[in-house]
Amino acid sequence: MDIERMTVKEFREFGFLQELNRQFLHPLGLALEVIIDEEDGSERFGEVWDYRCDPEGIRFAEFSVDEMERGLRIKELQEEKGKTRRSHLGYIIQPFVEVQPLVEGEGKHRCEPGYDFDEERQVFPSAGFGAAIIACYEDEEGKLWAVNSEYCIQVNFCPFCGYAAREQVEWKPS
Ligand SMILES: [Zn+2]
């Protein structure tokens, strides 16, 4: 299968570069640069700015309307893809450990009090990160999974309502 590609220009214009920087690289003190060829307008990736020595990391001075629109566009894509990934794979960001896909169906326990991608409306304390737990689902085997936007963990009781898992966490002596 051929790999589908976009140009660096498209990557930047859509907002991927900005949000890669804002959401991931800037907090680490890094920034990926794109170099625009003044002659023909083509764009390519440059190097990575390294301000790890700066305790606060990099930040934008202020946001233009264009930049805010790019941010929204990426957020919509994150929400759309996130829902599918979480329901099909059990995670959005792939964890290093294996997780059970969430099985959504009738008769299974589910509590979603914090099921919300919008940080402004985030239900649980997050201190700038994602909340630790935002929902709890029961799978086909009766196991309970507490999830946030990145991973899920098997639990014996729903952290929201106290529902007891039909299938308890398997105890592995260390
Ligand atoms: Zn519950």
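Overview of the structure. Keep in mind the model is a prediction, meaning the values are calculated, not measured. (Residues numbered from 1 in each chain as written. Predicted model: local features only at pLDDT ≥ 70, side-chain atom pairs only at ≥ 80, totals over all residues.)

**Comments concerning the nonpolar core**
In a soluble, globular protein the nonpolar side chains are often hidden away together inside. What counts, and what does not: Residues enter a nonpolar core if they are buried, belong to Ala, Val, Leu, Ile, Met, Phe, Trp, Tyr or Cys, and are joined to the set through C-beta atoms within 7 Å. Burial is judged by counting other C-beta atoms within 10 Å of a residue's own C-beta: 20 or more means buried, 12 or fewer means exposed, and anything between counts as partly exposed, with every C-beta placed from the backbone. Elements are defined by DSSP. Helices are runs of H or I of four residues or more, strands are runs of E of two residues or more, and each kind is numbered from the N terminus.
Core analysis: the biggest nonpolar cluster contains 14 residues, and A135, C136, W145 and V147 have the highest contact counts within it. Elements with a minimum of two residues in this core: β4 (135-138) and β5 (144-147). At four residues, β5 tops the list of elements feeding residues into this core.

**Brief notes about the sheet that holds β4**
What counts is decided by this rule: Note on pairing: two strands pair once DSSP finds at least 2 bridges between them.
What the four strands build is an open sheet, ordered β3-β4-β5-β6; its pairing is antiparallel. This sheet does not close on itself; its edge strands, each paired only once, are β3 (110-111) and β6 (152-155).

**Re the packing of helix α2 (residues 16-25) against helix α3 (residues 65-89)**
Threshold: As a rule, the C-alpha atoms of each element are fitted with a line to give its axis, helices using only the stretch in contact, and angles between N-to-C directions run from 0 to 180 degrees. Each angle gets one of four labels, with under 35 degrees taken as roughly parallel, over 145 as roughly antiparallel, 65 to 115 as roughly perpendicular, and the rest as oblique. This entry defines residue contacts through backbone-placed C-beta atoms, with two residues in contact when those atoms are within 7 Å. Note on residue classes: Ala, Val, Leu, Ile, Met, Phe, Trp, Tyr, Cys and Pro are nonpolar, Asp, Glu, Lys and Arg are charged, and everything else, Gly too, is polar.
Running from amino to carboxyl end, α2 crosses α3 at an angle of 85°, the nearest separation of the two axes being 9 Å. On the basis of the axis angle, α2 is roughly perpendicular to α3. Contacts from F16, Q18 and E19 of α2 reach α3 at E67, R70, G71 and I74. For the contact of α2 with α3, the per-class residue count stands at two nonpolar, two polar and three charged.

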